[in-house]
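# Observations on chain architecture
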Amino acid sequence: MTDHNSSAGGVGGGPAPGHPASFGAPATAPQQRVPSDVARAQVAAAWVRSAPQAAVPPGQAAVPTLPPRDPGPRPDAETKQEKRERRRRERKAEYERKKAARAERAAGRKKSRGGASAPAADAAREETPGTRPGTGPGPGTAHTAPGAGTTDGRSAPAAEGGAPATAGNAAAGGTSGKAGNSGKAGKSGKAARVGKAAKGTSGKAFDVPAPGGRIATSGRRTHVALRATVLATTCLFALGSCTVMGLVIGKSGSTSTAALSQRDVDRYRLTSFPLDAAATFAEEYAMLCMTFSEKTEEERSAELARFVSAGVETNCGWTGSGSQTAESAAWDGSAEPIPEYAGHGRYLGVRVRLSTGQVAALTVPVYVRDLRTGQGLKVVGQVGVMPLPPGGKAPAIDEPVVDQALSDNLATRVLPGFFTAWGSSDATALARFTMPDATARATGGLHGAWGKPEITTAEALAPAGTRAGAAVRYRPGDTVLARVSVRWNGADGVGAVHSYRVTLENTAQGWFIKDVNGAVLDHKGGAAKVPETAPKDDKTTPPSATPGNLSGPDRTAGQPTKR
């Protein structure tokens with residue numbers, strides 16, 4: 001029997017040195033087993049000392065050749081029962097780990113719903129075998145190191161569980177227990193330790209997911225809410241974009257009519273009344289009215305009847321004596337509404353030139369039935385002769401500075417030859433006086449209507465800002481405007497003076513014509529004096545024979561006058 005009171009201790013210690021054996025034979029002192037690495041080193045050193053040394057080249061160290069390593073005795077193979085026990089322990093550790101994880105998730109759900117803390121999860125984590133820090137495998141598991149039993153490798157008493165264990169079982173089962181409990185249940189223990197550390201740091205319990213997992217506290221609900229928010233935002237943005245595009249397209253496609261005020265209508269003389277058609281109708285009627293003679297009385301009355309309404313006289317105020325001829329009639333642009341016809345009638349002013357040279361201003365009332373087409377025109381009243389409107393006075397304008405030196409040069413060297421070629425439209429001669437980019441007015445000419453031009457006046461206007469009498473220097477590319485008066489002589493001896501505005505451009509070869517326009521302004525302004533002429537008593541049309549007396553003797557002031 002083994003003496004448990006010896007100094008060697010319990011199992012595997014052996015009897016104390018010098019203690020008598022159990023069966024009477026004195027026991028020798030057990031030899032202490034030397035580690036394999038130390039033994040290998042000692043053998044290598046002895047081998048080097050005893051082995052013959054080969055020649056080593058200079059500069060190189062001698063490398064001894066070591067004997068092959070003795071693997072030593074192998075432990076016995078794991079039996080089937082030991083495999084079953086090991087697998088059972090692994091399944092149990094996996095079950096405990098999953099149980100602890102479920103308890104943690106349940107505690108997290110309760111905490112997210114506002115419940116109290118989950119002490120059960122903490123208790124489960126603390127009581128789970130193999131999850132507490134520093135603990136080994138669960139109860140009933142024997143882990144004995146190899147060589148902790150008897151020296152012959154047979155079965156030895158277990159440390160705690162009381163189950164027999166051999167050296168092979170200790171080697172295989174103990175190693176598997178470490179791989180199972182420490183590998184799988186150890187992960188759960190690590191998670192529990194991290195969770196406890198986090199709880200002790202913050203003072204409040206919170207969940208720590210297992211490695212590779214995710215937080216179970218309202219994680220799915222948060223993910224669903226985020227997706228719903230993103231989807232709703234996208235839908236709202238698309239709806240807003242469609243609404244804005246619809247408004248833009250609808251506004252651009254709609255036709256909007258601008259309303260004009262009465263002030264704009266009066267300012268721009270806008271009206272729905274067909275003024276052109278009514279004015280033409282009034283001009284024709286004025287020509288018939290101001291032309292009369294005793295020989296054509298019946299034909300004239302028949303023509304006038306087509307223009308007037310039923311209550312208007314067909315003689316247009318003629319008394320039946322004398323004769324008169326109208327040469328032309330033109331609407332003067334005046335149109336006064338007739339209130340009785342509600343926009344369908346106008347008093348139109350017509351100027352008639354007589355064969356005697358006089359100009360009569362008539363007022364003709366015209367009615368239009370259809371304003372859109374201008375159909376249904378009628379003269380709805382008697383005409384009246386009115387005086388011509390008085391002429392106004394033109395304001396004076398600033399007289400520009402004239403470059404007299406340039407004016408004399410143009411009047412003698414450039415303008416006479418140009419107007420000679422321009423009057424006859426001689427293209428070859430015009431090319432000598434005009435620029436390559438001259439206008440059609442400058443290169444066209446009068447085609448022989450007038451000839452033999454004489455330059456009466458030529459004034460070249462100096463550039464703006466030039467003082468009177470100062471010398472002006474021109475560079476190539478500068479342009480000036482010249483006011484030119486030309487006396488033309490016709491083929492039949494008729495002469496006339498006309499004025500022109502001629503634009504000239506300076507070049508390296510001299511001045512050339514670029515453009516020609518008619519009319520020159522009068523810088524003095526005011527009104528011209530009308531010469532007085534003696535009346536011709538023998539050839540003047542009697543008042544009774546003119547339409548001036550259509551309304552009685554008091555209308556004699558409305559007689560046409562000579563211009």
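Just so you know, these numbers come straight off a predicted model, no measurement behind them.

### Side note on the state of the cysteines
- Here the structure, examined in full by the defined rule, presents one disulfide.
- The disulfide bridge from Cys289 ends at Cys316, spanning 1.7 Å between sulfur atoms. Of note, the bridge from Cys289 to Cys316 carries an S-S torsion of about -90 degrees and is left-handed in sense. Note that Cys289 is positioned in helix H7 (residues 275–289) and Cys316 in the loop between helix H8 (297–305) and strand S1 (326–337), a separation of 27 residues in sequence. Exposure class is identical for Cys289 and Cys316. Each is buried.

### Some thoughts on the nonpolar core
- Judged by nonpolar contacts, the single largest core of 28 residues is most densely connected at Tyr285, Met290, Val352, Val364, Val366 and Val379.
- Contributions of two or more residues to this core are made by H7, strand S2 (345–354), strand S3 (359–370) and strand S4 (375–379).
- Ranked by residue count, the leading element in this core is H7, at seven residues.
- What Tyr285 contacts, discounting residues up to four positions off in sequence, is Leu304, Phe307, Val308, Cys316, Val364, Val379 and Val383.
- Trp422, Tyr500, Trp511 and Val516 belong to the second-largest nonpolar core, a separate cluster that totals 27 residues.

### Details of H7
- Here H7 is 15 residues long and its end C-alpha atoms lie 20 Å apart, about the 21 Å a rise of 1.5 Å per residue gives.
- The inward-facing, buried residues of H7 contact H8, S1, S2, S3 and S4.

### Considerations on the pairing of strand S7 (residues 479–489)
- Two elements, strand S6 (residues 451–461) and S7, share eight bridges in a ladder whose sense is antiparallel. Across the sheet, residue Thr457 finds its bridge partner in S7, namely Ser485.
- Connecting the antiparallel pair S7 and strand S8 (residues 495–507) is a turn made up of five residues, with Gly493 showing a positive phi of about 90 degrees.

### What to know about a nonpolar patch on the surface
- Together, Leu260, Tyr268 and Leu270 make up an exposed nonpolar region whose accessible area comes to about 320 Å².
- Among the residues examined, Tyr268 registers a relative accessible area of 52% and is labelled exposed.

### Some thoughts on the sheet that holds S8
- Read from one edge to the other, the open sheet built from four strands follows the order S6-S7-S8-S9, with strand pairing classed as antiparallel. Each edge of the open sheet is held by one strand with a lone partner, namely S6 and strand S9 (510–518). Geometrically, the sheet is characterised by an average inter-axis angle of 35 degrees between neighbouring strands, direction not taken into account.
- With eight bridges joining them, S8 and S9 adopt antiparallel strand pairing. Considered in S9, the bridge of Tyr500 is made with Gly518.

### Some details on the packing of H7 against H8
- In the contact formed by H7 and H8, the axes pass within 10 Å of each other and the chain directions differ by 160 degrees. Here H7 lies roughly antiparallel to H8, going by the angle between them. Relative to H8, H7 is oriented so that their crossing is left-handed. Contacts from Tyr285, Leu288 and Cys289 of H7 reach H8 at Arg300, Glu303 and Leu304.
- Each residue belonging to the contact of H7 with H8 can be placed in one class, and the counts come to four nonpolar, no polar and two charged.

### What about the pattern of salt bridges?
- Applying the stated rule across the entire model yields nine salt bridges.
- With a shortest N-O distance of 3.1 Å, Arg88 and Glu85 are connected by a salt bridge. With Arg88 and Glu85 both in helix H2 (residues 80–112) and three residues apart, the pair spans about one turn of that helix.
- The exposure class of Arg88 is partly exposed, given its relative accessible area of 41%.
- Here Glu399 and Arg483 are joined by a salt bridge, their closest N and O atoms 3.0 Å apart. One end of the pair, Glu399, is in the loop between strand S5 (384–386) and helix H9 (404–413); the other, Arg483, is in strand S7, and 84 residues separate them in sequence.
- A relative accessible area of 36% places Glu399 in the partly exposed class.
- When its relative accessible area of 13% is taken as the criterion, Arg483 is described as buried.
- Through salt bridges with shared partners, a single ionic network connects Glu78, Arg86 and Glu90.

### Focus: the environment of Val366
- Checked against the element boundaries, Val366 lands in strand S3.
- For Val366 and Leu377, which are eleven residues apart along the polypeptide, the C-alpha to C-alpha distance reads 6.9 Å.

### Here's the deal with the confidence of the model for the protein chain
- Counting all residues, the mean pLDDT for the protein chain is 74, and 62% of those residues have values of 70 or more.
- Ranking the helices and strands of the protein chain by mean pLDDT puts S9 first, with 95, and helix H4 (residues 167–202) last, with 42.

### What about the packing of aromatic side chains?
- Applying the stated criterion across every chain yields a total of eleven aromatic pairs.
- Centre to centre, the rings of Phe281 and Phe307 are 5.0 Å apart; their planes meet at 45 degrees, and the pair counts as tilted. With Phe281 in helix H7 and Phe307 in the loop between H8 and S1, this pair connects stretches of sequence that are 26 residues apart. Considered together, Phe281 and Phe307 belong to a single accessibility category, that of buried residues.
- Ring geometry for Phe418 versus Phe419: centroids 5.2 Å apart, planes at 75 degrees, classification edge-to-face.
- Taken together, the ring pairs in this structure connect Phe418, Phe419, Trp422, Trp488 and Tyr500 into an aromatic cluster.
- In this arrangement the basic side chain of Arg346 is found over the ring face of Phe273, its NZ or CZ atom lying 4.6 Å from the centre.

Criteria and cut-off values
Residues numbered from 1 in each chain as written. Predicted model: local features only at pLDDT ≥ 70, side-chain atom pairs only at ≥ 80, totals over all residues. Heavy atoms only, no water. Disulfide = S-S within 2.5 Å. Helix = DSSP H or I, 4+ residues; strand = E, 2+ residues; numbered from the N terminus. Buried < 20%, exposed > 50% of the residue type's maximum accessible area, 1.4 Å probe, protein only. Core = buried A, V, L, I, M, F, W, Y, C linked by side-chain atoms within 4.5 Å. Contact = heavy atoms within 4.5 Å. Expected span 1.5 Å × (residues − 1). Pairing = 2+ DSSP bridges. Patch = residues over 30% accessible without salt bridge, like charges linked within 9 Å, V, L, I, M, F, W, Y side chains within 5 Å. Areas by Shrake-Rupley, 256 points an atom, 1.4 Å probe, with all protein chains shown as cover. Salt bridge = Lys/Arg side-chain N within 4 Å of Asp/Glu carboxyl O. Axes fitted to C-alpha atoms, helices over the stretch in contact; angles between N-to-C directions. Parallel < 35°, antiparallel > 145°, perpendicular 65-115°, else oblique. Left-handed = near helix turned anticlockwise from the far one by under 90°. Nonpolar A, V, L, I, M, F, W, Y, C, P; charged D, E, K, R; others polar. pLDDT = per-residue confidence, 0-100. Phe/Tyr/Trp six-rings, centres within 6.5 Å; stacked < 30°, edge-to-face > 60°. Lys NZ or Arg CZ within 6 Å of the ring centre and 35° of its normal.

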